[in-house]
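The lines below spell out each chain.
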Amino acid sequence: MELHYADAYTMASFLSPLNTRTDGYGGSAEDRLRLPLEVYQRVRAEVGSDFALGCRFLTEECIDGGGSLVDSTGFSRAFAGAGVDFLSLSRGGKFEDAAQPKVGEAAYPYTGPSGYECMPSYYSDARGPFGRNVAPARSIRQILRAQGLETPIVVSGGVHNFEQSESLLASGAADIVGLARQALADPDWFCQGPSRPRRAGQSVPLYELLRGARSAPPRSDLRTLGSGTAR
Ligand SMILES: Cc1cc2nc3c(=O)[nH]c(=O)nc-3n(C[C@H](O)[C@H](O)[C@H](O)COP(=O)(O)O)c2cc1C
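Residues numbered from 1 in each chain as written. Predicted model: local features only at pLDDT ≥ 70, side-chain atom pairs only at ≥ 80, totals over all residues. Heavy atoms only, no water.

(A) Expanded view of the side chain of serine 16. Structurally, the position occupied by serine 16 is in the loop between helix H1 (10-15) and helix H2 (29-47). Within the structure, the side chain of serine 16 is placed 2.8 Å from the side chain of glutamate 61, a separation counted as a polar contact. Sequence-distant contacts of serine 16, that is, excluding residues within four places in its chain, are made with Arg32 and Glu61. (Helix = DSSP H or I, 4+ residues; strand = E, 2+ residues; numbered from the N terminus. Polar contact = N/O pair within 3.5 Å; in protein donor to acceptor, adjacent residues only side chain to side chain. Contact = heavy atoms within 4.5 Å.)

(B) Focus on the site of the ligand. Around the ligand, the surrounding shell consists of His4, Arg56, Cys118, Met119, Ser156, Gly157, Gly158, Leu179, Ala180 and Arg181. One of the side-chain N or O atoms of histidine 4 is found 2.6 Å from an oxygen atom in the ligand. For the ligand, whose free accessible area comes to 600 Å², the fraction covered by protein is 69%. Of the residues in the shell around the ligand, the class split is four nonpolar, four polar and two charged. (Near = heavy atom within 4 Å. Areas by Shrake-Rupley, 256 points an atom, 1.4 Å probe, with all protein chains shown as cover. Nonpolar A, V, L, I, M, F, W, Y, C, P; charged D, E, K, R; others polar.)

(C) Region of interest: the pairing of strand S3 (residues 87-90). Of the two faces of S3, the one carrying Leu87 and Leu89 and the one carrying Ser88 and Ser90 are both buried. Taken together, the four bridges between strand S2 (residues 54-58) and S3 define a ladder with parallel strand orientation. Residue pairing across strands places leucine 58 opposite serine 90, the latter belonging to S3. The handedness of the S2 to S3 crossover, carried by helix H3 (residues 69-82), is right-handed. Pairing geometry for S3 and strand S4 (residues 153-156), over three bridges, is parallel. Looking at the pairing, leucine 87 lines up with isoleucine 153 of S4. (Buried < 20%, exposed > 50% of the residue type's maximum accessible area, 1.4 Å probe, protein only. Pairing = 2+ DSSP bridges. Right-handed = clockwise from strand over helix to strand, strands pointing away.)

Here is the structure:
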């Protein structure tokens, strides 16, 4: 079970330095951690000590005034020290820099620069879309290990093939690799391993194929689909 303390969810707002509440649940890092730790302890009391219970939070908020690696390293220590079984690390995905919604529509948090860092896509900068959460995850893991804390670290964000996954594990960036869109694009990928047979005529994993296809110039005939815009 993973408690969601990341992205645009409520607990991430409590953890953020932008949380200036004065009721004991905001302001200092210790007070910002209070509610997430209370929730963890309450859930732990329900599920017991032999139930795998982790939490997902941000290595960096990627917004002005938002949490940095300094904050998240402190949160990692606190969660690991409290007995959280795994730390699942995300990055960005905030409301604060979301695109202005159309009249009558709600803001969607994954539409601004921090949203890009959460779900990096095929349109990227020079750094590219892959593994943008790796460096902060590696840093947190190294600091925890240096302090004798062995809590497994899950890294996610733009992990897209077995070679990359294996190298993340082998080089000590993380203990577990999380993937979303790779799994959506090719649900059998996990079962078949790096030597899996390619689909007929396919020379690269499906997800890379999709990314490649979608990085082609936009087709004018795909601009509008129904009432929305093709993306
Ligand atoms: C359709 C979709 C739904 C998602 N839902 C969640 C969610 O419920 N909880 C969560 O922590 N992350 C969610 N994410 C973010 C992913 O966990 C992940 O951080 C992000 O997609 C980057 O990883 P990827 O490059 O492997 O897709 C979602 C992503 C996608 C594409």
